[in-house]
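Working through the structure, step by step
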Amino acid sequence: MSDYPSSYRFTRDHEWIAVEGAKGKIGITSYAQSELGDVVYVELPKVGDAVTAGASFGTVESVKAVSEIFSPVTGTVTEINAHLNNAPETLNQDPHGEGWLIKVSLNDPAEVEKLLSAEDYQTFISSQQH
Amino acid sequence: MRYLPKSDPVRQRMLREIGIENVDELFAHIPEYCRLTRALDIPTGRSEPEIIDFFRHCAALNAAGYTSFLGAGSYYHYRPSLIDNLISRGEWFTAYTPYQPEISQGTLQAVFEFQTLVCQLTAMDVANASMYDGSTAMTEAVLMAIRVTGKSDILVARSVHPHYRETLVTNTHHRGFPVTEIPFQPDGQIDGSRLEQAITSNTAAVVVQSPNFFGSIEDWKTLAHLAHSKNALLIAVITDPVSLGLLAPPAEADIVAMEIQGFGIPTSFGGPYAGVIASKERYLRSLPGRLAGEARDSEGRRGFVLTLSTREQHIRREKATSNICTNQALCALMATIFMSVYGRRGLRELAQQNLAKASYAAGEFQRQGMEVLFPAPRFHEFVVRLPRTAAGYQPRLTQHHMIGGLPLHRYYPELGETALFCVTEAVSRARIDEMVQLYSGQSQPSLNESALAGARQE
Amino acid sequence: MSTTPRAARHIVQNEELLFEISEPGKAAYQLPELDVPPANVAALGERARSDIAGFPELSEIEIIRHFTRLSTWNYGVDTGLYPLGSCTMKYNPRVNEFVARLDAIAGAHPLQPEELSQGALRIMDLLSQYLLEICGMDAITLQPAAGAQGELTGILLIRAALQARGNARRLVLIPDSAHGTNPATAAIAGYEIAKLSSNAQGTVDMASLDRLMTDQVAALMLTNPNTLGIFEEDIHRIADLVHQRGGFLYMDGANMNALVGRARPGDFGVDVMHLNLHKTFSTPHGGGGPGSGPVAVKAELEPFLPTPVLTRRPNGALTLEEDRPHSIGRMRAFAGSFGMLVRALAYIMANGSDGLKQTTEDAVLNANYIRTRLKDVYALSYDTPTMHECVFSDKLQARKADVHTGDIAKRLIDYGFHPYTVSFPLIAPGAMMIEPTESASKRELDEFIAALRAIAQEVDTEPETVKTAPHTTRVSRMDEVAAARKPRLRWTED
Ligand SMILES: Cc1ncc(COP(=O)(O)O)c(C=O)c1O
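The model shown is predicted, which means the values in this text are computed figures rather than measured ones. (Residues numbered from 1 in each chain as written. Chains lettered and ligands numbered in written order. Predicted model: local features only at pLDDT ≥ 70, side-chain atom pairs only at ≥ 80, totals over all residues. Heavy atoms only, no water.)

1. Observations regarding the overall build of chain C
Broken down by element type, chain C carries 15 helices and 13 strands. Taken over C-alpha atoms, the radius of gyration comes to 25 Å for chain C, in line with the 23 Å a tight globule of 494 residues would show. If you line up chain C on its principal axes, its C-alpha atoms span 75 × 65 × 45 Å. Taken across its 494 residues, chain C has 67% of its residues classed as buried. For chain C, the proportion of contacts with a sequence separation of at least 24, taken over those separated by at least 6, is 70%. Accessible surface for chain C amounts to roughly 16400 Å². Of this, 49% is attributable to carbon and sulfur atoms. Taking the 48 positively charged and 60 negatively charged side chains of chain C as two groups, their mean positions are separated by 3 Å. (Helix = DSSP H or I, 4+ residues; strand = E, 2+ residues; numbered from the N terminus. Rg over C-alpha atoms; globule rule 2.2 N^0.38 Å. Buried < 20%, exposed > 50% of the residue type's maximum accessible area, 1.4 Å probe, protein only. Contact = heavy atoms within 4.5 Å. Areas by Shrake-Rupley, 256 points an atom, 1.4 Å probe, with all protein chains shown as cover. Lys, Arg positive; Asp, Glu negative; His and termini not counted. Charge placed at Lys NZ, Arg CZ, Asp CG, Glu CD.)

Encoded structure:
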């Protein structure tokens, strides 16, 4: 089982966010990528787009499934991981690192407190696996 | 019943193995009030010769052996004999959609070839495996443009096939996408200045057919420039793919929606035909319909699979790019065979013959002092103004086993008494001459001819 | 029963792409000599192209061999049992093909004068009458090009009828067992989708329906028998509830092969339905199409039918009427996929009322025979009695050896059969959906059953063989992931 970095926060929809001050980096969890299987395409918002906590900002596709990605926080997109366009497999290989999706500036950094800790998230996914 | 591979004793044996006595028990869970307790009011089964007799009889009530000058979205081009011969192989026509690539490589490779041929022909980057027909391809191209641009206003040339425009309206009006028609100029082309006035930053797509419904050829470059100046997409509509043997492809357009019936698919009273959508690479993810892509198997051998299926209804359901499932695969195969037969040089020669025959026929009308409308360059269709009601000519044409041009009054009342003629390579000069004479009134029915007509009716 | 296995070896030739066997200077065409002055191409100026780069140049024999070789890589109904659930892969009679190609039928132009089209219109009229009798409905359009377009036509008819009553409403109710075209269609028609969960029997849950069926629901889209092959026993209560709340009952008729001559949707409360002529009425699937999806309606919806509508003039002549003030409009160019209508009519005539009923009974008998003979080795997804198809799950095999429905399907290919439908309906995890149709003999069914039983044993003894199947095809499993990551959708010269 992969490591869930203790400095990250998680959602029940299987996204993570790494926060530094008012900036955050968002991705999907190792559990999410393994459930989805081989990722073939990632659709991301544009820099400058607004994202809303709990609302979808993009999709991740495998050959036979499409999953929406929900934002853990409310804010504005400052950067997207364009590398994923040519190498979507990065999401499978390094979901918590090189496979990040977007960077955002947070409207309200306190929002992060409502998210799950790494430990809580791991408890949550083990309850999901039957 | 000759299609059922079972005898009654075998049926009985199978019922016993299931553990029941009577087939009715298999239907027992249908509530009684739902059951049909009488026989259907349909005659009992008929033999093959009886069936053939019936359809021969129907065929005889249709125009048989006529020379036709109809086009308007359905074209008479010669269909090479190998088309029906090849597609009659059961492995082609009795197969399902190629969802199991290991036993569908034939269909998949043919689809890949079709996609490639369409790209070469239209100068687009990607093409799908087929849509229902040209009209639904155009409609889906418009919906695609709305998705891509995030805008909703549609401008469509009035010289686009009337059925295509009606289909577009059926599919858009309930969703509140406004459709505005752009008129044509006296020379037959779209009115560029009216288009320039109508186009706004809310315009999602400009939809233009070329050769248009009147046969006139439009100028893609100028149209693309206009559309792109307001970030709208240009959708090029083509109703006879044979035209692309000779005419410049709509390389400047963003999406091409084409009817491919002209490539070896029978006119068959309106269907089945096939449409296709081709586009620039950047719109690939918004493309509706199936796509075949190259793949490697576990031992590195080349093969083909259906790919990018996440766009489609069976995966994305209500968020799919389209609801299309069954498409027109066998018709696309006919077109692929047709394109293989004519090929790089033949398609050009074929298109040239069409141009030659149609301009000869138009010239003959003019020689007889009749007005051919719309002087802009044309392909194989043209409009003639008639001194009398267009339909009034048909009885005499019928006597000569001919079907004349399409009366336009119903579609374009503003044109008055006019008819749209299509002349392809399939019509001989002698028949063209005969037809022009019948329209120009140069040959009055002689006594002999009237007698002949009377005799035919008896 | 025969002991010869269905699958055997045979020469299969390789064949490159058209573009790879093309050589400059070859030709498979010859046009008749031009009998008019040659075209003035120069006058076209920039409107003309000089070449079609990359277009192939081939001879006739090469084209024949190309498409013949390609065809041998396919599996068709003519090859053998094709038990794809929901697809009704039945025999495609040859007389259908013959009559559809008669000169004045295949060569009829859609816009030719009415007086020269009476034969074509008569075919459409007779087919309409027969289909209405089979469905128990009041009026019909033959225009839709396939099932999905039939669905769209039907939902637009409902929208128009509701609009005429004052409110088109907002939602369409769709069971979670439905085919993907149902929700996709409702969305295109401008509706939001409300998902209706099935109950433990795999049918409509009346309590959920009662809760969800509000005055905002335009229609319930129901497949009956549903995609599990189960007849909705509560159909009358369902219809009553939908009607009481001002909605319409739409029936996806993809599964009519279970009902023809035995039950009529019009008699159990359906307001509008489509048929798939390419399933129930034997028109060939053609490697993915064409199909045809006529839509039959109750009288209330008749004024809204798409134009043109087939009617009779006072003098008895048939005509395609365009002037219909309440019509939803045209769904496509011309009047329908006529060639498919010809084939469907030939099928109905060949069967007659007696043959149609026997066909339905044989289809249901075959599916139940398979169900009975396999239910000890594969788990049934639902215990409820089924009609023309049966759905197993890979539950036992997945638990034992991590072998899944897709693996078993691929292994069937090695035994000489086309796979069943994999992983549909979505409510049956690991679904193996089997629809043998009436066209399978007992002998073929026994062979198919034996194959599936043998595979169940292999799952115990040599699961790897199943997981890596097929082993006998010209290509093995394709890397669909790589194909989707770097799509190559056309041939290019490099
Ligand atoms: C249950 C069901 N509904 C709808 C459809 C769609 O029909 P078509 O493919 O003709 O559009 C299908 C067939 O694929 C089906 O099985």
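Having put the structure on the table, let's press on.
2. What about the domain arrangement of chain B?
All names here are of chain B. Per the domain assignment, the segments of chain B are domain 1 (8-53), domain 2 (67-75 + 344-457) and domain 3 (81-339). Averaged C-alpha coordinates put domain 2 and domain 3 at centres separated by 30 Å. Contacts between the two partners involve 29 residues from domain 2 and, on the opposite side, 33 residues from domain 3. For the pair domain 2 and domain 3, the summed buried area comes to about 2400 Å², and 65% of that belongs to carbon and sulfur atoms. Our enumeration of links across domain 2 and domain 3 arrives at 1 salt bridge. A salt bridge links R158 to E414; the nearest nitrogen and oxygen atoms lie 2.7 Å apart. Across the domain 2-domain 3 interface, the total number found is 11 residue pairs in polar contact (both at pLDDT 80 or more). Secondary structure elements with two or more residues in the side of domain 2 that touches domain 3: α11 (329-367) and β11 (381-385). Ranked by the residues each element gives to the side of domain 2 that touches domain 3, the list is headed by α11, at 7 residues. Here the residues of the side of domain 2 that touches domain 3 are counted per class, giving 20 nonpolar, 5 polar and 4 charged. (Domains from an automatic or database assignment. Buried area = accessible area lost by both parts, 1.4 Å probe. Salt bridge = Lys/Arg side-chain N within 4 Å of Asp/Glu carboxyl O. Polar contact = N/O pair within 3.5 Å; in protein donor to acceptor, adjacent residues only side chain to side chain. Nonpolar A, V, L, I, M, F, W, Y, C, P; charged D, E, K, R; others polar.)

3. A short note on the interface of chain C and chain B
Counting from both sides, the interface comprises 202 residues of chain C and, opposite them, 185 residues of chain B. Both sides of the chain C and chain B interface together cover about 17000 Å² of buried area, and 63% of this is carbon and sulfur. Looking at the side of chain C facing chain B, the largest losses of area belong to R49, F55 and L489 of chain C, adding up to 5% of the total buried there. For the pair chain C and chain B, the interface holds 15 salt bridges. Among the salt bridges present, the one from E322 of chain C reaches R410 of chain B, with a minimum N-O distance of 3.3 Å. Seen at the junction of chain C and chain B, the total is 92 residue pairs in polar contact (both at pLDDT 80 or more). Considering each element in turn, the side of chain C that touches chain B owes the most residues, 28 residues, to helix α10 (residues 338-374) of chain C.

4. Details of the packing of aromatic side chains
Counting across every chain of the model gives 35 aromatic pairs over all chains. Plain terms: the ring middles of F365 of chain B and F382 of chain B are 6.0 Å apart, the flat faces sit at 65° to each other, and that makes the pair edge-to-face. Taken together, the positions of F365 of chain B in helix α11 and F382 of chain B in strand β11 put the pair 17 residues apart, joining distant regions of the chain. As far as burial versus exposure is concerned, F365 of chain B and F382 of chain B are alike and both buried. The ring of W100 of chain A has K103 of chain A sitting right over it, with the charged end atom 4.9 Å from the ring centre. (Phe/Tyr/Trp six-rings, centres within 6.5 Å; stacked < 30°, edge-to-face > 60°. Lys NZ or Arg CZ within 6 Å of the ring centre and 35° of its normal.)

5. Overview of the packing of helix α2 (residues 48-61) of chain B against α10 of chain C
Two packed helices can be described by the angle between their axes and the distance between those axes. Put simply, α2 of chain B and α10 of chain C touch, their axes get as near as 10 Å, and they point 140° apart. Comparing their axes, α10 of chain C and α2 of chain B come out oblique. In the crossing of α2 of chain B with α10 of chain C, the sense of the turn from one axis to the other is right-handed. Note on element contacts: α10 of chain C touches α2 of chain B through V342, L345, A346, M349 and A350 of chain C, opposite I51, F54 and F55 of chain B. Of the residues assigned to the contact of α2 of chain B with α10 of chain C, the class counts are 8 nonpolar, no polar and no charged. (Axes fitted to C-alpha atoms, helices over the stretch in contact; angles between N-to-C directions. Parallel < 35°, antiparallel > 145°, perpendicular 65-115°, else oblique. Left-handed = near helix turned anticlockwise from the far one by under 90°.)

6. Some words on helix α1 (residues 8-18) of chain B
Among the residues of α1 of chain B, those classed as buried are V10, R11, M14, L15 and I18 of chain B. Each buried residue of α1 of chain B sits inside an arc of 140° when the element is viewed along its axis, so together they form one side. Opposite its buried face, α1 of chain B presents the exposed residues P9 and R16 of chain B, each directed more than 90 degrees away. Here the buried face of α1 of chain B lies against α10 and α13 (442-461) of chain C. Following α1 of chain B by one or two positions, G19 of chain B adopts a phi angle in the positive range, close to 100°. (Arc of directions from axis to C-beta.)

7. A look at the domain arrangement of chain C
All names here are of chain C. According to the domain assignment, chain C consists of domain 1 (1-73), domain 2 (94-348) and domain 3 (360-485). With 8 residues of domain 1 in contact, the opposing surface of domain 3 contributes 8 residues. Where domain 1 meets domain 3, there are 1 salt bridge. With a closest N to O distance of 2.9 Å, R6 and E447 form a salt bridge.

8. Description of the interface of chain B and chain A
Tallying the contact residues gives 5 residues for chain B and 9 residues for chain A. Together chain B and chain A conceal approximately 570 Å² of surface at their shared face, both sides included; 49% is due to carbon and sulfur atoms. Looking at the side of chain B facing chain A, the largest losses of area belong to R285, T310 and R316 of chain B, adding up to 69% of the total buried there. Where chain B touches chain A, the interface holds 3 salt bridges.

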